[in-house]
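Residue-level structure breakdown
Each chain is listed here by its residues.
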Amino acid sequence: MVLRPTRRSFLAGTAATASLTLLSPISSWASEAIARKRLQVGLLKGGMEGLTAGPPYGDPHYNGLRPTIHVRSPLRLSADFGLHPKLQALHQTWIDGHLAVVHATGFAYQGRSHFEGQDVMQTGVMKPYSSPTGWLGRAMHHARTSGGIAVSIPMPLILRGIPDSDTQYPNWMPRLSVQVAGDIARLWAPDQALRPYGEKLREDSLIDPATSRMTATEYRDAISPPALARTAGERMREPDGPRIGLIEFTHGFDTHAQQGDDEGPHADKLAEFDGVIREFRAAMAAQWSNSLVVTVTEFGRTIRENGSNGTDHGVASCCFVAGGLVRRSAIYADWRGLAPANWHEGRDLAPTIDTMAVYARVLQATLGLDEQEIKSKILDFNPSRHLDGLLS
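Here we summarise the structure given alongside this text.

Rules used in this analysis
- Residues numbered from 1 in each chain as written.
- Predicted model: local features only at pLDDT ≥ 70, side-chain atom pairs only at ≥ 80, totals over all residues.
- Heavy atoms only, no water.
- Helix = DSSP H or I, 4+ residues; strand = E, 2+ residues; numbered from the N terminus.
- Buried < 20%, exposed > 50% of the residue type's maximum accessible area, 1.4 Å probe, protein only.
- Areas by Shrake-Rupley, 256 points an atom, 1.4 Å probe, with all protein chains shown as cover.
- Polar contact = N/O pair within 3.5 Å; in protein donor to acceptor, adjacent residues only side chain to side chain.
- Contact = heavy atoms within 4.5 Å.

Observations concerning the overall build of the chain
From N to C terminus, the chain includes 14 helices and 13 strands. Counting the 392 residues in the chain, one finds 56% classified as buried. Looking at the chain as shown, the accessible area adds up to about 16100 Å², and 53% of this sits on carbon and sulfur atoms.

Structure (structure tokens):
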């Protein structure tokens, strides 16, 4: 079913809620059209609540199942589906014809464990802990994309699989002195694994602190998710800029208690994600037409609210795909409704579209990989005819 609309600096955070990764340009073998395309992945850890982010307000069971947490003022997409009111930028993207909402999506893995689910969503392999590499890293390897630099420690699993990738992690603390950095570089020089890091410390110690060091306040502002998205867009819009970006929300979507409705903890996280869309699109400018933003989360939440006015770990959620490479604004779903007879295992929204099939379409559109190569070497997915017409 498809419903149509009626400084050279990398920034990251640990205690903060998000981190940013940018990966290098594609090799020269690629066609000019593919080389222009950009992909920004939003990794929403904790289990984004699809029935709150994309409320099916036209379903007669929706409000009754969620008496205190149902969305009261949804932004209309169709007669049956809307967006949470905090998703203003995403709604404007819908109006402009650049948003696909894929609803009732989930993985073949349905164990409801954060740890296992986050491993599966990043590796693309349905058996948890069975792969040391991530689906995006493998895709870049098979697309012959050169390695990148991740600004997080450690390298996010979803990006592992590019042999020449490296990590950097800046902070607002003073740099090592030239003498100490030089001593460390000499100490590490005989070790093949440590030598590159010693050289990096030596290089960084030579940078003028007045031009490179942030204050603690500047650092906290710079690592907000919207600021990271702006940094990503400014870098990725350049002809020779990074082709792949990853903004990782490290926590916040696990709302077991006091989840809220139009306001509340989950609404606050959705507002942060909406800021990512707003700032990334503005920074990309004309290059937005060659771009995609896609969301990744480990599972959805239970259909019925719990006794703490929250939701517990579930199965299906929804997936947002935004950008100029979206063919038209539409809702893609094989929607069964919220009647109890249609619940998965008596508690969850049933997953009717494989989320990995969405990511396979995204990899085809942005990296030029074909479906068979993706299925055999990158992602374990079940194709869905409901996704036909999703991307240009």
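Now that the structure has been shown, we can carry on.
Here's the deal with the environment of S130
Structurally, S130 can be placed in the loop between α5 (114-123) and α6 (135-142). S130 sits in the partly exposed class, given a relative accessible area of 38%. Once the C-alpha coordinates of S130 and V120 are considered, the two residues, ten residues apart in sequence, prove to be 9.1 Å apart. Within the structure, S130 has its side chain in polar contact with the backbone oxygen of K127 (distance 2.6 Å).

With respect to the side chain of N306
Position of N306 relative to the elements: it lies in the loop between β10 (291-296) and β11 (317-322). On the basis of relative accessibility, which here comes to 17%, the residue N306 falls in the buried class. When residues no more than four places from it in sequence are discounted, the contact partners of N306 are H256, T311 and D312.

Regarding α6
Burial runs high along α6: six of the eight residues are buried. Within the sequence span of α6, burial applies to W135, L136, G137, R138, A139 and M140.

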